[in-house]
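Notes for the structure review
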Amino acid sequence: MGNVYSEYLSPSKVKEHYNYTKENLDTTETPSRQVASALIIILCCAIVVENLLVLIAVARNSKFHSAMYLFLGNLAASDLLAGVAFIANTLLSGSVTLGLTPVQWFAREGSAFITLSASVFSLLAIAIERHVAIAKVKLYGSDKSCRMLLLIAASWLISLVLGGLPILGWNCLGHLEACSTVLPLYAKPYVLCVVTIFSVILSAIVALYIRIYCVVRSSQADVAGPQTLALLKTVTIVLGVFIFCWLPAFSILLLDYACPVRACPVLYQAHYFFAFATLNSLLNPVIYTWRSRDLRREVLRPLQCWRRAAGVQGGRDGTPGHRLLPLRSSSSLERGTHMPTSPTYLEGNTMV
């Protein structure tokens, strides 16, 4: 046990693993790398700001304290933390990497993985809740709060477990031949396990939305034609963006498992694939909230306040179109949870 702890705190272990898995260990900060790091950090800052605005909108207005909006808030929180974790990951990469101890390296990689995993599990939780509500024609009343909290807690718990497995012992310290090329301190079986789990999640989300599609299209679904078309459009966007953003990362991890050490040079560019996957955290709030006119108005409210505080209001203070009017109370979510509200649509022009 003492030997394990000494390896976790050894300042030379990370360099040893990188020397073994990398064909050319060049950590020089070239201009191209600096530009790439700057772009990634800008992307992550946009993720943080975007999801922070969504969280503020959900928290400050009681109209959005229903089950589905809270799920969206949980998704925004996980995406926000993913942006923060990826900023830290980028700042601690390059030449800084070789100065880390294994514990610090596991914390760097694990934190980013936990938050990105939580974002994906949040998507699955939303898909499960929508499927149950639509297929069984149930409402999101207060009696469903337990199910909602369980789904949210489960998504974070599973993410913490998956991200914490390497630091708990499922790593390749002392077994260089079993190390991943993309993540040199992670064991290849762990990488395969992660890819398998996320592939199952992707399949589950696809299956759930196909089921929702079938229910909406059936005669049993009490949904109007325009609403059906809107739902199908949203489902297409959700599935398309999810697959588009995550499939390259899944593919590179599968290749990492299959390739012997130093046999696949493309693995040395894996950080670009993971940066691309982070786009999902940027697009999730757009997909799930921008189609809601009320939520969009509430999200933009802080931006309007900042613009007014900067003195841009001028003569517009007396113009009704530029006043920060309160949201209308026409949504059934605001009037009460016992109204017969579709779990997918809120009052026709507001969609979740």
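All figures in this text were calculated on a predicted structure; none of them were measured in a lab.

Procedures and definitions
Residues numbered from 1 in each chain as written. Predicted model: local features only at pLDDT ≥ 70, side-chain atom pairs only at ≥ 80, totals over all residues. Heavy atoms only, no water. Helix = DSSP H or I, 4+ residues; strand = E, 2+ residues; numbered from the N terminus. Buried < 20%, exposed > 50% of the residue type's maximum accessible area, 1.4 Å probe, protein only. Contact = heavy atoms within 4.5 Å. Areas by Shrake-Rupley, 256 points an atom, 1.4 Å probe, with all protein chains shown as cover. Arc of directions from axis to C-beta. Disulfide = S-S within 2.5 Å. Phe/Tyr/Trp six-rings, centres within 6.5 Å; stacked < 30°, edge-to-face > 60°. UniProt positions renumbered as here; feature names shortened; annotations may be inferred. Salt bridge = Lys/Arg side-chain N within 4 Å of Asp/Glu carboxyl O. Axes fitted to C-alpha atoms, helices over the stretch in contact; angles between N-to-C directions. Parallel < 35°, antiparallel > 145°, perpendicular 65-115°, else oblique. Left-handed = near helix turned anticlockwise from the far one by under 90°. Nonpolar A, V, L, I, M, F, W, Y, C, P; charged D, E, K, R; others polar. Polar contact = N/O pair within 3.5 Å; in protein donor to acceptor, adjacent residues only side chain to side chain.

**Some thoughts on the overall build of the chain**
For the chain, the helix and strand inventory stands at twelve helices and two strands. Counting from the amino terminus, helix and strand elements in the chain follow one another as α-α-α-α-α-α-α-α-α-α-α-α-β-β. Taken over 352 residues, the chain has a buried fraction of 47%. Taking as baseline every contact in the chain between residues at least 6 positions apart, the subset at least 24 positions apart corresponds to 77%. As presented, the chain carries roughly 16,600 Å² of accessible surface, and 67% of it is formed by carbon and sulfur atoms.

**Some thoughts on helix α9 (residues 270-277)**
Among the residues of α9, those classed as buried are Ala270, Ala275 and Ala277. Down the axis of α9, the sector holding all buried residues measures 155°, keeping them to one side.

**Here's the deal with the state of the cysteines**
One pass over the structure, following the stated rule, counts two disulfides. Between the sulfur atoms of Cys259 and its disulfide partner Cys264 the distance amounts to 1.8 Å. Between Cys259 and Cys264, the disulfide has an S-S torsion of -65° and is therefore left-handed. By relative accessible area, Cys264 is classed as buried at 14%.

**Concerning the packing of aromatic side chains**
Taken as a whole, this structure holds twelve aromatic pairs when the rule is applied. Between Phe113 and Phe198, the ring centres sit 5.9 Å apart and the planes meet at 80°, which makes this aromatic pair edge-to-face. You can see Phe113 sitting in helix α5 (residues 102-135) and its partner Phe198 sitting in helix α7 (residues 188-217), a full 85 residues away along the chain. The two residues Phe113 and Phe198 agree in class, both being buried. With centroids separated by 5.7 Å and ring planes inclined at 25°, the aromatic side chains of Trp246 and Phe250 adopt a geometry described as stacked.

**Regarding the UniProt feature "transmembrane region" (unreviewed entry) in the chain**
If you check UniProt for "transmembrane region" (unreviewed entry), the listed places come out as residues 35-58, 70-92, 112-128, 149-169, 189-210, 231-254 and 266-287 in our numbering. Counting secondary structure, residues 149-169 comes out at 95% helix and 0% strand; the distance between its end C-alpha atoms is 30 Å. Here residues 266-287 runs as 77% helix and 0% strand, with 31 Å between its end C-alpha atoms.

**Structural notes on the pattern of salt bridges**
Under the counting rule described, the total for this entry stands at five salt bridges. Two residues, Glu16 and Lys13, come together in a salt bridge whose shortest N-O distance is 3.4 Å. On the criterion of helical spacing, the pair formed by Glu16 and Lys13 is a turn pair, its members being three residues apart in helix α2 (residues 13-21). Taking the shortest distance from any N to any O, the salt bridge between Arg108 and Glu109 comes out at 2.5 Å.

**Re α2**
Of all the positions in α2, only Lys13, Val14, His17, Tyr18 and Thr21 are classed as buried. The buried side chains of α2 occupy one side of the element, clustering within an arc of 130° when seen end-on.

**Brief notes about the environment of Cys45**
Within the secondary structure layout, Cys45 lies in helix α3 (residues 31-60). As for Cys45 and Val84, which are separated by 39 residues in sequence, their C-alpha atoms are 7.7 Å apart.

**Observations concerning the packing of α3 against helix α4 (residues 67-91)**
The contact between α3 and α4 brings their axes to 8 Å, and the two run at 155°. The orientation of α3 relative to α4 falls into the category roughly antiparallel. Helix-helix and strand crossings are classified by hand; for α3 and α4 the assignment is left-handed. In the contact of α3 with α4, the residues fall into 19 nonpolar, five polar and one charged.

**Notes on the side chain of Thr278**
When you line up the elements, Thr278 lands in the loop between α9 and α10 (279-289). Overall, Thr278 belongs to the buried group, its relative accessible area being 0%. Among the polar contacts listed, one links the side chain of Thr278 to the backbone oxygen of Phe274, at a separation of 2.9 Å. Excluding its chain neighbours within four sequence positions, the residues that come into contact with Thr278 are Ile47 and Phe86.

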